[in-house]
2 protein chains.
Amino acid sequence: MSIRIGISGYGNLGKGIECAIKQNPDMELAAVFTRRDPSTVQILTEGVPVCRTDEAADWKDKIDVMILCGGSATDLPVQTPEYARMFNVIDSFDTHAKIPEHYANVDAAAKEAGTIGIISVGWDPGMFSLNRLYANAILPDGKDYTFWGKGVSQGHSDAVRRIEGVKDAKQYTIPVEAALEAVRNGENPDLTTRQKHTRECFVVLEEGADAAKVEEEIKTMPNYFSDYDTTVHFISEEELKRDHSGIPHGGFVLRSGKTGWNGENSHLIEYSLKLDSNPEFTSSVLIAYARAAYRLSQEGQCGCRTVFDIAPAYLSAKSGEELRKTML
Amino acid sequence: MSIRIGISGYGNLGKGIECAIKQNPDMELAAVFTRRDPSTVQILTEGVPVCRTDEAADWKDKIDVMILCGGSATDLPVQTPEYARMFNVIDSFDTHAKIPEHYANVDAAAKEAGTIGIISVGWDPGMFSLNRLYANAILPDGKDYTFWGKGVSQGHSDAVRRIEGVKDAKQYTIPVEAALEAVRNGENPDLTTRQKHTRECFVVLEEGADAAKVEEEIKTMPNYFSDYDTTVHFISEEELKRDHSGIPHGGFVLRSGKTGWNGENSHLIEYSLKLDSNPEFTSSVLIAYARAAYRLSQEGQCGCRTVFDIAPAYLSAKSGEELRKTML
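Thresholds, definitions, all that
Residues numbered from 1 in each chain as written. Chains lettered and ligands numbered in written order. Predicted model: local features only at pLDDT ≥ 70, side-chain atom pairs only at ≥ 80, totals over all residues. Heavy atoms only, no water. Salt bridge = Lys/Arg side-chain N within 4 Å of Asp/Glu carboxyl O. Helix = DSSP H or I, 4+ residues; strand = E, 2+ residues; numbered from the N terminus. Buried < 20%, exposed > 50% of the residue type's maximum accessible area, 1.4 Å probe, protein only. Phe/Tyr/Trp six-rings, centres within 6.5 Å; stacked < 30°, edge-to-face > 60°. Lys NZ or Arg CZ within 6 Å of the ring centre and 35° of its normal. Disulfide = S-S within 2.5 Å. Contact = heavy atoms within 4.5 Å. UniProt positions renumbered as here; feature names shortened; annotations may be inferred. Least-squares fit on C-alpha atoms with pLDDT ≥ 70 in both. Buried area = accessible area lost by both parts, 1.4 Å probe. Polar contact = N/O pair within 3.5 Å; in protein donor to acceptor, adjacent residues only side chain to side chain. Pairing = 2+ DSSP bridges. Axes fitted to C-alpha atoms, helices over the stretch in contact; angles between N-to-C directions. Parallel < 35°, antiparallel > 145°, perpendicular 65-115°, else oblique. Nonpolar A, V, L, I, M, F, W, Y, C, P; charged D, E, K, R; others polar. 1 Å grid on protein atoms, 1.4 Å probe; cavity = no way out; pocket = protein on both sides within 12 Å on 5 of 7 lines; lining within 4 Å. Points joined across faces, edges and corners; volume = space filled by probe spheres on them.

(A) Summary view of the pattern of salt bridges. Residue and element names in this part refer to chain B. This model, assessed by the stated rule, comprises 34 salt bridges over all chains. Taking the shortest distance from any N to any O, the salt bridge between Asp 107 and Lys 111 comes out at 2.9 Å. Here Asp 107 and its partner Lys 111 are both found in helix H3 (residues 99-113), four residues apart, which amounts to about one turn of the helix. When its relative accessible area of 48% is taken as the criterion, Lys 111 is described as partly exposed. Arg 184 is the partner of Glu 270 in a salt bridge, and the nearest nitrogen-oxygen pair spans 2.7 Å. Note that Glu 270 is positioned in strand E13 (residues 265-275) and Arg 184 in helix H6 (residues 177-184), a separation of 86 residues in sequence. Summarising the burial analysis for this pair, Glu 270 and Arg 184 share the class buried.

Here it is, written out as structure tokens:
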């Protein structure tokens, strides 16, 4: 019997989950839940119902794992504990500073209901976090570096779009190659924000807008741009659509460290991702952890988990024997 | 109380363990066991006894985890199950084809004794295996690549040293940069053995030896060299000592895969290591898993485990709360 997945929220992430299920023969899509009018939501999988969010409770015994595809700002802090009272759940909660609070809320709800809740699954937090943990455990005497990009930052793109005179915009975060190389060379540099990443904006102006003023406003925007070297390109709406409609992302997690009686030997651990589609990759990670949630629940476990708490074998459809034979 | 570590076998790996313990304040070295005459073995840590291997049983209650630093060919298949009858054990067994058999033997012994045995810990098998598993679970529709090097292959260096007329030698395995780039570019190449790695030998000849004959013998040696493009350099004993006395290694694990309803998006996951000292890095991984072995045993678990079976949090000295706060 396959693992029955529910998707709550059908945006880019929800659609990515739907695609990922297709690649995993031990899973099936049970239902999609939306806050929109279900009759207006067209999904890709034939024969699968689209339901209203408030119907979810009726699916309690028909869904093994519910994947929550809402936003971290306002949706997940409420939804994940709420759904954990009915289902095994997974989310990609990514407000790093609020993870301890979110963990506590989901843990309480999941323990009460006897369900599993896995939070903050994706690539950062997620695979990048795992790599930070492994590398730190292996090389206690060392230094961590995380670089993001090249990729589209939704938050920064939104910030540019809010500027008066901007019709549309896309922002790319780009790691500084020289900084990456210095880390790879074992130089253990202390890097400022400006030395690690640059930002590049592609902006479509409203008719009659003042380009110089918009550019100035972008470059001096506190928190978002003022600490970075930012390049602004003004392009047409057609060019934006043609050249910048993808959602690529990626990045690098590095740790350089020393071993030996007197720290005489250096080592570098590097993990990197180059992703055509940020939401589809995140979805693929979520689906692998959905398998883990299902298995943990089958074992009778309950409560909140993160990627740190889950043995890698739980993610794979293969048996332990098969894994030892083929991948060890 | 700190975790009391025993080291069985005091070669490069055993010495690496000793150095790694120094970097981990929650651990202490209890004793070193050797097949040599203990009075001839000088260790780095003051006040720690060097004992004969056959005294190990006396240490049953004074060691929390015994780390087995013998060879995979003949030592570990016997030692790991044997020691698992007395201690929680860890080894770096790396004969990939014999892992299932070794697992079964260690599992039976450990279950009978109520101990934990973690096998095949290091970087390959070990961290590379983990990365293969994670990447396969996330991108089921994809292709795996592992490249080794640049680094010293002990087995190949030994093979060259056995040739008549060779006084000493060091062999480096080198990944072919063009092949790596093709993988990184998402070309999903089918690579032959020759296309993936080259081999480079630094050879010191015996006086009067025939260089051309030695070179020919190296390059045509079946299994070891005949399937590779090999370069042979003849150097002096001083040069070998000066320039090639290190034991560096490393490598790359990559997986490229597709997502999307019609596989329209490509992704690349890459993990790489650049190691000054192969044995010291391996030791550092072993020590992190020794912490896990201790904790699993404290929980009352027993039997054989691999890196696949162990949740990442077990490797870190930090608490779950601390990890979520600082690394997630």
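(B) Inspection of the packing of aromatic side chains at higher detail. Residue and element names in this part refer to chain A. Under the definition given, this model contains eleven aromatic pairs over all chains. Measuring from centroid to centroid gives 6.1 Å for Phe 128 and Tyr 271, while their planes differ by 85 degrees, and the two rings are edge-to-face. Of the two residues, Phe 128 sits in helix H4 (residues 127-138) while Tyr 271 sits in strand E13 (residues 265-275), which places them 143 residues apart along the sequence. We classify Phe 128 as buried; its relative accessible area is 0%. Chaining the aromatic ring pairs together yields one cluster made of Trp 123, Phe 128 and Tyr 271. Here Arg 199 stacks its cationic end above the ring of Tyr 228, 4.0 Å away from the centre of that ring.

(C) Quick look at the state of the cysteines. Residue and element names in this part refer to chain B. Per the counting criterion, the structure on display carries zero disulfides over all chains. The thiol of Cys 51 is unpaired, and the distance to the nearest cysteine sulfur, on Cys 69, comes to 15 Å. A relative accessible area of 5% places Cys 51 in the buried class. In this structure Cys 304 is not part of a disulfide, and its nearest cysteine sulfur, from Cys 302, lies 11 Å away. Looking at Cys 304, the relative accessible area reads 1%, which means it is buried.

(D) Broad picture of the environment of Arg 4 of chain B. Residues and elements named next belong to chain B. Locating Arg 4 in the fold gives a position in strand E1 (residues 3-8). Since its relative accessible area comes to 21%, Arg 4 is described here as partly exposed. The spatial distance from the C-alpha of Arg 4 to the C-alpha of Met 27 is 6.1 Å, given a sequence separation of 23 residues. Sequence-distant contacts of Arg 4, defined by excluding residues within four places in its chain, comprise Glu 28, Ala 30, Asp 61, Lys 62, Ile 63, Asp 64 and Val 65.

(E) Examining the UniProt feature "domain: Meso-diaminopimelate D-dehydrogenase C-terminal" (unreviewed entry) in chain A more closely. Residues annotated by UniProt as "domain: Meso-diaminopimelate D-dehydrogenase C-terminal" (unreviewed entry) correspond here to residues 122-277 of chain A. The span residues 122-277 of chain A is 31% helix and 36% strand, and its two end C-alpha atoms sit 13 Å from each other.

(F) Structural detail: the relation of the copies chain B and chain A. Laying chain B over chain A is done by rotating through 180 degrees and shifting 0.0 Å along the axis; what remains is an RMSD of 0.0 Å. Both copies are brought into coincidence by an operation consistent with a two-fold rotation axis. When each C-alpha of chain B is compared by its distance to the rotation axis, Ala 311 of chain B comes out closest, at 1.9 Å. Looking at the interface residues of chain B, 99% of them are also at the interface in chain A, so both copies use one shared face.

(G) Summary view of the interface of chain B and chain A. In this assembly, 68 residues from chain B lie in contact with 68 residues from chain A. By the criterion of area lost to chain A, the three top residues of chain B are Trp 261, Arg 324 and Leu 328 of chain B, representing 15% of everything that side buries. Where chain B packs against chain A, one counts zero salt bridges. Where the side of chain B that touches chain A is concerned, the elements lending two or more residues are helix H1 (12-22), H3, helix H4 (127-138), strand E12 (249-259), E13, helix H10 (278-298) and helix H11 (320-326) of chain B. For the side of chain B that touches chain A, the element with the highest residue contribution is E13 of chain B, accounting for eleven residues.

(H) The UniProt feature "binding site: substrate" (unreviewed entry) in chain A, seen in detail. Residues and elements named next belong to chain A. Cross-referencing UniProt, the feature "binding site: substrate" (unreviewed entry) maps to Trp 148, Thr 173, Arg 199, His 249 and Asn 278 in the present numbering. Mapped onto the secondary structure, Arg 199 falls in strand E10 (residues 197-205). Setting aside residues no more than four positions away along its own chain, Arg 199 makes contact with His 156, Gln 171, Tyr 172, Thr 173, Tyr 224, Phe 225, Tyr 228, Asp 229, Thr 230 and Thr 231. Here His 156 takes part through its side chain, which lies 3.4 Å from a polar atom of the side chain of Arg 199. Structurally, the position occupied by His 249 is in strand E12 (residues 249-259). There is a polar contact of 3.5 Å between the side chain of His 249 and the backbone oxygen of Val 152.

(I) Representation of the sheet that holds E12 of chain A. Strand order in the open sheet formed by six strands is E7(A)-E12(A)-E13(A)-E13(B)-E12(B)-E7(B), and the pairing between neighbours is antiparallel. The two strands at the open ends of the sheet, each matched to only one other strand, are strand E7 (142-148) of chain A together with strand E7 (142-148) of chain B. The sheet shows a mean angle of 10 degrees between the axes of neighbouring strands, taken without regard to direction. In this sheet, E13 of chain B lies alongside E13 of chain A in antiparallel orientation, the contact comprising nine bridges. Paired with Lys 274 of chain A across the two strands is Leu 268 of chain B, which belongs to E13 of chain B. Contacts from H4 of chain A reach E7, E12 and E13 of chain A together with E13 of chain B within the one sheet, and its direction differs from that of E12 of chain A by about 5 degrees. Sheet strands touched by helix H10 (residues 278-298) of chain A: E12 and E13 of chain A together with E12 and E13 of chain B. Its angle to E13 of chain B, the strand with the most contacts, is close to 70 degrees.

(J) Structural view of the packing of H4 of chain A against H10 of chain B. Two elements in contact, H4 of chain A and H10 of chain B, have axes whose closest approach is 8 Å; the angle formed by their N-to-C orientations is 105 degrees. Between H4 of chain A and H10 of chain B, the crossing angle belongs to the class labelled roughly perpendicular. Residue-level inspection shows Tyr 134, Ala 137 and Ile 138 of chain A of H4 of chain A in contact with H10 of chain B, the latter providing Phe 281, Ser 284, Val 285, Ala 288 and Tyr 289 of chain B. When its residues are assigned to classes, the contact of H4 of chain A with H10 of chain B shows seven nonpolar, one polar and no charged.

(K) Inspection of the environment of Cys 19 of chain B at higher detail. Locating Cys 19 of chain B in the fold gives a position in helix H1. Judged by its relative accessible area of 4%, Cys 19 of chain B falls in the buried class.

(L) The arrangement of empty space enclosed by the protein in detail. This structure, assessed with the given rule, holds two cavities of 30 Å³ or more. Volume-wise, the largest cavity comes out at about 40 Å³. When residues of the lining of the largest cavity are traced back to their parent elements, those giving at least two are H4 of chain A together with H4 of chain B. Among the residues forming the lining of the largest cavity, the class breakdown is six nonpolar, two polar and no charged. There is about 30 Å³ of room inside the second largest cavity. Lining the second largest cavity we find Asn 131, Ala 135, Val 253, Leu 254, Arg 255, Ile 269, Glu 270 and Tyr 271 of chain A together with Tyr 271 of chain B. Contributions of two or more residues to the lining of the second largest cavity are made by H4, E12 and E13 of chain A. Its residues assigned to classes, the lining of the second largest cavity shows six nonpolar, one polar and two charged.

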